[in-house]
Amino acid sequence: METLKSARSRNVPWDQVARAVRRMETQGVDSSGLPPIRRAEQLSGYSANQLRRMIAGITFLDELAGADSASAEWLGIPKFSHAEMLAKLWRRDREATLRLLRSRPVLRYESLSRLFETMASEAASPMSAGKRAQKSFEEKCRAVLLAESSRFTPFGAGSYRLLQPRVHHPYCRPALLLRAETGGRRLLWAGLDFVHKPIWDDAVLRQIMLIGVEARFLDLHFVFFPEGDVAGRAHRAIGELGFGNVRVAVLSGSAMDFAPNPANGGYAKSLRFQWIPPRLHATVAEYAVGQ
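Throughout, a residue's number is its position along its own chain's written sequence, starting from 1. With the structure being a predicted model, the display of local features is reserved for residues of pLDDT at least 70 and the display and counting of side-chain atom pairs for 80 or more, all residues being used for whole-chain, interface and lining totals. Hydrogen atoms and water are omitted, and side-chain values are computed over all heavy atoms in the structure.

Student: So what exactly am I meant to see when it comes to helix H4 (residues 48-67) here?
Tutor: Think of an α-helix as 3.6 residues a turn; residues three or four steps apart then line up on the same face. In this model H4 runs 29 Å from its N-terminal to its C-terminal C-alpha over 20 residues, within 8% of the 28 Å that 1.5 Å per residue would give. Contacts are assigned to residue pairs with any non-hydrogen atoms lying within 4.5 Å of each other. Only DSSP runs of H or I reaching four residues or more are called helices, and only runs of E reaching two or more are called strands; each is numbered from the N terminus. Those residues of H4 hidden inside the fold are in contact with helix H2 (14-27), helix H3 (36-44), helix H5 (69-75), helix H6 (80-92) and helix H7 (94-102). Helix span is expected to be 1.5 Å times the residue number reduced by one.

Student: Looking at this structure, I do not really get the sheet that holds strand S3 (residues 188-194). What am I missing?
Tutor: Strand pairing in a sheet takes place through backbone hydrogen bonds and is either antiparallel or parallel in direction. Paired strands, in this sense, are two strands between which DSSP finds at least two bridges. In spatial order, the strands read S1-S2-S3-S4-S5-S6; together these 6 strands make up an open sheet with mixed pairing. The outermost strands of the open sheet, each flanked by one partner alone, are strand S1 (159-163) and strand S6 (255-258). Averaged over neighbouring strand pairs, the angle between their axes works out to 25 degrees when direction is ignored. With 5 bridges connecting them, S3 and strand S4 (residues 220-226) associate as parallel partners. Residue pairing in the sheet places Gly 191 in a bridge with His 221 of S4. Where helix H11 (residues 229-241) meets the sheet, it contacts S4 and strand S5 (246-252), and its direction lies at approximately 170 degrees from that of S5. All axes here are fitted lines through C-alpha atoms, helices being fitted over the stretch that makes contact, and every angle between N-to-C directions spans 0 to 180 degrees.

Student: Would you explain the pattern of salt bridges in this entry?
Tutor: Oppositely charged side chains can pair when the atoms bearing their charge come close. A pairing counts as a salt bridge when a side-chain nitrogen of Lys or Arg comes within 4 Å of a carboxyl oxygen of Asp or Glu. Applying the stated criterion across every chain yields a total of 11 salt bridges. Its salt-bridge partner being Arg 38, residue Glu 41 comes within 3.1 Å of it at the nearest N-O pair. Of this pair, Glu 41 and Arg 38 both sit in helix H3, 3 residues apart, roughly one helical turn. We note a salt bridge from Arg 142 to Glu 138, for which the minimum N-O separation is 3.9 Å. Linking Arg 142 with Glu 138, this pair stays in helix H9 (residues 126-147), spanning 4 residues, or about one helical turn. Residue classification places Arg 142 among the partly exposed positions, given a relative accessible area of 27%. Classification of residues uses two cut-offs on accessible area relative to the type maximum, computed with a 1.4 Å probe and protein chains only: under 20% is buried, over 50% is exposed, and between them is partly exposed.

Here it is as structure tokens:
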């Protein structure tokens, strides 16, 4: 109780104020009938909001001591503004906060605040979460393709190279290109795209339609999906749209399953009356990898 009396005007250290308020809260309501936080507010000169922020800061320091005593010892009792931001970071992502403290940074409020804003925006944005999931899926597919490179030979025996386009052709923009030399008169090219969507919707259909047009400039085009209903519906749509050189691949654990050509399954009608753009295999591919 003595610690809290006129704590603000006496400049009592914030951590001592916070611990005194916590002790008061364990005692419950006294004869005045006021909740502990209100009594602490009257005694200390701080608002209830300020006191709660101090409690959050001291709670963080106690939890840090339990999680990493060395980092807690290094940090000591920081300025309240720093402790408050670190507590927010801690609640958002403990592992990231531990990595930060273990690097023994020079603590500045501005940099801590920017880091928290970045964490908060990433966690709050469904688009960001979707992009992270898409990127993770692409990385898994690439790892499997590289591990199974000797088996991924869609044009038969020959020399294959998986290429990352540096510059995309305006009409054909696959995520990756597969270059094949099979002893024929020209190089063969396949596009590779990755679609990580939990549900089938109009956006996925439109993506498939766009890939179908891009595929007309290449010999083959593979679309990779995770296991689930979306892959099956995409396979059917590709067949119904008559995209004869588009193939569906499904990532199943650490293996890749390739669906049969849906255009041979009875869905597609004759391609004779379909629009086919100029055959620009070499032009598209060379533009993508050569600039």
